Every structure is written in C-alpha cells, then in structure tokens.
Amino acid sequence: MPITNDRTTPSPARFGQTGRAMADIFFPMLPTPDWAQVLSHRVLDDADYPHHCRIEWRWGDQRPRSWANPLLRRIVIRAAADRGHAALASTLLHEIAHLMLPPTEHHSRRFWRHFYGLVERYGAGGGCVLTMDDAYLLSRHYKVRAMTVAAELGARAARSNLALRVPGEPQPRGWLDESHALERRLREQTCDACTSNA
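Attention here is on the structure that accompanies the text. In this text, all values refer to a predicted model and were calculated from it rather than measured experimentally.

**With respect to the nonpolar core**
- Membership of the largest hydrophobic core comes to 51 residues, with the highest contact counts inside it found for Leu-92, Phe-115, Tyr-116 and Leu-130.
- In terms of residue count, helix α2 (residues 85-100) provides more of this core than any other element does, nine residues in total.
- When neighbours within four sequence positions are excluded, Tyr-116 is seen to be in contact with Met-132, Ala-135, Tyr-136, Ser-139, Ala-146, Val-149, Ala-150 and Leu-153.

This is the structure in structure tokens:
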C-alpha cells in the first residue's frame with residue numbers, strides 16, 4: 001500500500017503487506033521524504049501504535065530543536081537542509097521513542113534504552129547507515145544517562161567518553177563543535193536517493 005501525505009482514517013481496508021493494520025499517521029507538510037514516511041510506519045506498525053498521530057517535517061528550518069508531544073500525539077522535525085540522512089533519522093527515531101513512551105519517561109534510562117533499541121533494529125531506513133555509535137554521538141549533548149546507557153549497550157564512542165568524563169563536571173568544551181563535525185561526516189554518507197525528494 002503506498003504511503004501518501006494524505007490523512008487517512010482507520011478502516012478494515014488499511015492494511016500493509018503483512019495483513020496488519022497500518023499506523024494512522026498524518027504527514028501534513030510537503031514534501032515529507034519517502035524514507036521518513038516508511039521508517040515511521042515500520043516503527044509504529046511493529047509497535048501496534050493504536051493512536052492517530054501527526055509527524056510534521058519542516059525542511060529548511062535552521063532552528064535546531066525538534067520535539068514530540070506524546071499527549072497531543074504530535075512530532076515536529078525541523079530538518080535543516082545541511083543535515084545528513086542518518087542525523088535526521090536519529091532525530092526522527094528519538095522523537096518517535098518519546099511518542100511511544102509515557103511523558104514521565106522523558107530522557108529516563110528506559111527512554112534511552114528504547115531509543116537505542118530502535119536505532120539498532122531500524123537504522124536510518126532507505127538503505128543508509130545509522131549505527132548506535134552514530135546515534136549516541138548525535139545525542140550526547142543530553143544528560144550523562146544517555147552516555148551510560150549507550151555504554152552499557154556496547155557503543156564504543158560512549159565507553160570512550162564515559163572513561164574521560166568526570167562525574168558532576170560540566171560537559172567538555174567542544175562537544176557541540178564535534179557533534180556538528182559528525183553531522184557533516186554523516187551528510188557525506190547520505191545517498192542521492194535519500195535527498196531526492198527533500
């Protein structure tokens with residue numbers, strides 16, 4: 001069944017190739033990349049997500065913050081044109097993890113385990129690579145808990161950073177610059193097909 005940006009209502013006819021009902025997702029902004037629509041459906045379909053939700057994909061928005069509101073079942077992705085496919089996929093999976101968990105789990109240990117699990121299972125979608133190390137590095141500006149959970153799950157970058165981190169101290173200077181450099185590297189790995197409908 002093709003995925004479109006049109007709102008559809010749940011009905012017995014809305015089934016994917018597996019015969020299960022597809023998640024009821026509204027993509028109001030055009031163009032939402034095909035890979036983002038497919039990835040969103042894969043994750044929420046597999047989780048049997050029971051609610052209607054909307055995912056707003058805003059291209060060219062230079063403001064860095066994307067967010068999810070689980071109570072309103074809404075995700076907003078601010079997709080700057082210079083962000084790579086893997087970086088955008090990491091952001092999308094991060095916000096979908098918020099959507100799937102109760103608001104009380106905001107950046108909790110359970111949240112980070114769930115997020116890294118999504119990365120490990122689904123990657124970036126569309127044939128591009130997103131590793132758990134990449135996902136950790138892209139989200140390491142969050143609290144130490146993200147680092148600790150990633151290290152427990154085997155992310156090499158997290159284990160290295162955890163060894164250098166002094167408990168209670170502020171994050172080392174230069175982390176934001178390093179994260180931007182990582183995004184530039186991930187941008188170089190982005191395939192033409194992933195950005196063709198950007």
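**Notes on the pattern of salt bridges**
- Considering all chains together, one arrives at eight salt bridges under this definition.
- The salt bridge partner of Arg-121 is Asp-46, with a shortest N-O separation of 3.4 Å. Within this pair, whereas Arg-121 is found in helix α3 (residues 109-122), its partner Asp-46 is found in helix α1 (residues 34-46), the two being separated by 75 residues in sequence.
- We note a salt bridge from Arg-74 to Glu-56, for which the minimum N-O separation is 2.8 Å. One end of the pair, Arg-74, is in strand β4 (residues 74-79); the other, Glu-56, is in strand β2 (residues 53-59), and 18 residues separate them in sequence.
- Classification of Glu-56 by relative accessible area gives buried; the value is 3%.
- Through salt bridges that share partners, Arg-54, Glu-56, Arg-58 and Arg-74 make up one connected network.

**What to know about the packing of aromatic side chains**
- Under the criterion given, the structure shown has eight aromatic pairs.
- A centroid spacing of 6.4 Å and a plane angle of 5° characterise the contact between Phe-111 and Phe-115, whose relative ring orientation is stacked. One end of the pair is Phe-111 and the other is Phe-115, both in helix α3 and four residues apart, which spans about a single turn.
- Judged by its relative accessible area of 0%, Phe-111 falls in the buried class.
- By way of ring pairs, the aromatic residues Phe-111, Trp-112, Phe-115, Tyr-116 and Tyr-142 are connected into one cluster.

Rules and cut-offs
- Residues numbered from 1 in each chain as written.
- Predicted model: local features only at pLDDT ≥ 70, side-chain atom pairs only at ≥ 80, totals over all residues.
- Heavy atoms only, no water.
- Core = buried A, V, L, I, M, F, W, Y, C linked by side-chain atoms within 4.5 Å.
- Buried < 20%, exposed > 50% of the residue type's maximum accessible area, 1.4 Å probe, protein only.
- Helix = DSSP H or I, 4+ residues; strand = E, 2+ residues; numbered from the N terminus.
- Contact = heavy atoms within 4.5 Å.
- Salt bridge = Lys/Arg side-chain N within 4 Å of Asp/Glu carboxyl O.
- Phe/Tyr/Trp six-rings, centres within 6.5 Å; stacked < 30°, edge-to-face > 60°.

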